[in-house]
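Notes for the structure review
If you want the building blocks of each chain, they are given just below.
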Amino acid sequence: MNLQPLLELSSREHAHLCPRQILGVRIGLAGLKALGLKEVPLKKQMLVISETDGCFVDGVIAATGCTVGHRTLRVEDYGKIAATFVDTTTGRAVRVAPSSDIRERAYAAAPQEARHYFAQMQAYQSMPDEDMLTIREVVLNTPIEKIVSRPGVRVNCDRCGEEIMNEREIHQNGLTLCKPCAQAGYYRVAHKLYFAIPQEAAI
Ligand SMILES: [Zn+2]
Ligand SMILES: [Zn+2]
């Protein structure tokens, strides 16, 4: 297992390499292996759903080539180091997570290193998958075709008028609405309005 080129790629945007990036590379490689996929780039044959953002994802990106920009990577922020790898052609999904005692396992695997951080750095690069990871098949609650959607599908929200892509609209009481208009979104409108061009739906 030669991790070095992937670790270099992962740390290129970072000031340094850290244990979470290494876990991202290891988990990314384990996901590819579990799905039986080898050739990176995968030309959209795989979708990765990461359960956190941050350094971990940089490692996953380095190992898989999947990115948000290519719509092959999504973040469901559970604040967990874990990711699910989906074969978009078959819908088969595999979730890979570190074992819950992975830190203790790392300290045991690098007994000569008293500094915990460096023990993790060493051990995460050398421990076999079966000593540090949990890999299991999962079933997506939203089918892969719905997550990926189709290109060129667009509607406008009946309330705010903004365009919605990728079939993310919600039908409610005969209206076609965007998620923040139909449910609570991640923001609420505040008082100050900087600039607004009247939209057709609002006139
Ligand atoms: Zn980092
Ligand atoms: Zn709306």
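The structure contained in this document is the topic of the report that follows. Just so we're clear, the structure is a prediction, and the values are computed from it rather than from any experiment.

This part takes up the packing of aromatic side chains. Under the criterion given, the structure shown has two aromatic pairs. Ring geometry for Y117 versus F118: centroids 5.4 Å apart, planes at 75°, classification edge-to-face. A centroid spacing of 5.0 Å and a plane angle of 75° characterise the contact between Y186 and Y187, whose relative ring orientation is edge-to-face. For Y186, a relative accessible area of 79% corresponds to the exposed category. Relative accessible area serves as the criterion here: at 42%, Y187 is assigned to the partly exposed category.

Before going further, it helps to spend a moment on the coordination of the zinc ion (ligand 1). Within the protein, the zinc ion (ligand 1) binds to C18 (SG) and C55 (SG); these donor distances fall in the range 2.3 Å. Within this pair, whereas C18 is found in the loop between α1 (4-11) and α2 (19-35), its partner C55 is found in helix α3 (residues 55-64), the two being separated by 37 residues in sequence.

In space, the five strands of this open sheet follow the order β2-β1-β3-β4-β5, with mixed pairing throughout. Two strands close off the open sheet at either side, each with one partner strand: β2 (73-75) and β5 (133-138). Ignoring strand direction, the axes of neighbouring strands in this sheet form an average angle of 20°.

Calculation notes
- Residues numbered from 1 in each chain as written.
- Chains lettered and ligands numbered in written order.
- Predicted model: local features only at pLDDT ≥ 70, side-chain atom pairs only at ≥ 80, totals over all residues.
- Heavy atoms only, no water.
- Phe/Tyr/Trp six-rings, centres within 6.5 Å; stacked < 30°, edge-to-face > 60°.
- Buried < 20%, exposed > 50% of the residue type's maximum accessible area, 1.4 Å probe, protein only.
- Donors = N, O, S within 2.8 Å, 3.2 Å for Na, K, Ca; no water.
- Helix = DSSP H or I, 4+ residues; strand = E, 2+ residues; numbered from the N terminus.
- Pairing = 2+ DSSP bridges.
- Axes fitted to C-alpha atoms, helices over the stretch in contact; angles between N-to-C directions.

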